[in-house]
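Commentary on secondary and tertiary structure
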Amino acid sequence: MTTTTSMGGGPLRILVTGGAGFLGSHLCERLLREGHDILCVDNFYTSTRRNIIPFLDHPNFELMRHDVTFPLYVEVDRIYNLACPASPIHYQRDPVQTTKTSVHGAINMLGLAKRTGARILQASTSEVYGDPEVHPQTESYWGNVNPIGVRSCYDEGKRCAETLFFDYWRQHGLPIKVARIFNTYGPRMLPNDGRVVSNFIVQALQARDITVYGDGEQTRSFCYVDDLVDGLIRLMESDDEITGPVNLGNPGEFSIRQLAEQVTELVGSGSSIVYEPLPEDDPTQRKPDISEARRHLGWNPVVALEDGLPRTVEYFRETLLGE
Ligand code: NAD
Ligand code: UDP
Ligand code: UDP
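Conventions used here
- Residues numbered from 1 in each chain as written.
- Chains lettered and ligands numbered in written order.
- Predicted model: local features only at pLDDT ≥ 70, side-chain atom pairs only at ≥ 80, totals over all residues.
- Helix = DSSP H or I, 4+ residues; strand = E, 2+ residues; numbered from the N terminus.
- Rg over C-alpha atoms; globule rule 2.2 N^0.38 Å.
- Contact = placed C-beta atoms within 7 Å.
- Near = placed C-beta within 6 Å.
- Nonpolar A, V, L, I, M, F, W, Y, C, P; charged D, E, K, R; others polar.
- Pairing = 2+ DSSP bridges.
- Axes fitted to C-alpha atoms, helices over the stretch in contact; angles between N-to-C directions.

Details of the overall build of the protein chain
Looking only at helices and strands, one finds nine helices and 13 strands in the protein chain. Against the compact-globule benchmark of 20 Å for 323 residues, the protein chain has a radius of gyration of 19 Å, which places it among compact chains. Each of the three principal axes of the protein chain carries a C-alpha extent, and together these read 55 × 45 × 40 Å. Long-range contacts, defined here as pairs at least 24 residues apart, represent 80% of the contacts in the protein chain between residues at least 6 apart.

Description of the site of ligand 3
The local shell around ligand 3 holds 14 residues, among which Arg 195, Val 196, Asn 199, Thr 211 and Tyr 213 are the closest. Contributing elements (two or more residues each) for the shell around ligand 3: helix H5 (196-205) and strand E8 (210-213). Counting residues per element, the shell around ligand 3 draws most heavily on E8, at three residues. For the shell around ligand 3, the class distribution of residues is six nonpolar, five polar and three charged.

Overview of the sheet that holds strand E5 (residues 119-125)
Across the sheet, which stays open at both edges, the seven strands sit in the order E3-E2-E1-E4-E5-E6-E11 with parallel pairing between neighbours. The strands lining the two open edges of the sheet, one partner per strand, are strand E3 (61-65) and strand E11 (246-248). Averaged over neighbouring strand pairs, the angle between their axes works out to 20° when direction is ignored. Strand contacts of helix H4 (residues 152-172): E5 and strand E6 (176-181), with the helix running at about 155° to E5, the strand carrying the most contacts.

Have a look at this one:
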């Protein structure tokens, strides 16, 4: 993949919160490759050191165990704020902590950006659109979120974080970037993370039933992790007037049943599909309109699901079965 940054002026000191997680570890890896100094901050709420073990000996990589709901005083040029549990089973385990992570975490990281003059990017989410009535979702759509449901700790926490970003921008002139990330998949997802791609692949590899929730007609759009990381870096290094929010996702739209069929065919273990109850407030459709990202960032995802899934299956095969 080509380097897309326009940093020009040599290595930067870059803070990645949630840097040990799925997306964070890929982002750290890419930024290290580009020669930057990385400070990875994580409290290991949903991750372990496993994802970042390969970087621990790297001279430009530093790991700090820290919870972003507490203040953090460091000197940096860029802040990627990714810290937050992202999978429904994880963010619903301790919903109060989830909201605190999004809201207090955003306040602390914005305070840090204000003091240091660092540019700051927020990993927001397509969940700010809730169960969308506009399809595909454009950034101008305000969303349809249940404020008191089981997903609200995540959705409303992320919405409030966006509010804070834009108020720090308006009130204090901070250089902000807000990415609305749609479902992303790839190597280093946790096998027990509960997200649909990892669940289906793990179930298929273990020749267990594939659990489709509801009738499987609900849709999602799946972005391969390398594409997503490329979009995040392009957004961070875009011109100052580009604040976002910018949708980052792959517009290819699939029903969950289609995904189940694709995974079973790919793995070939003969798993059957079983149907289980649909979780509360599960969005019925989701597909990003990425015109803004195309126009302002020159970004376009290049890895189709049919190419990204085999790479992800390979990762889980090695991780789970040691093959
Ligand atoms: P992940 O769970 O793998 O990573 C999140 C990381 O944040 C973990 O390492 C976790 O330990 C850490 N963390 C959680 N709470 C923390 C706290 N209070 N202090 C410090 N660290 C904390 O999830 P991911 O898929 O890598 O998601 C990363 C970010 O991207 C999240 O903010 C998520 O909301 C956002 N996002 C992800 C997706 C996706 O499909 N993966 C979609 C939309 C948005
Ligand atoms: N903060 C931080 N690191 C810094 C500067 C600030 O963690 O380098 C935290 C600080 O604890 C504060 C929050 O960021 O609670 C918001 O900072 P801001 O300056 O906006 O607000 P104030 O300190 O005036 O409440
Ligand atoms: N899903 C499913 N089986 C699973 C896990 C998830 O059918 O084993 C469904 C889930 O109900 C949702 C979709 O797949 O409709 C995507 O779920 P995920 O948790 O990955 O992401 P999100 O709902 O946050 O988009």
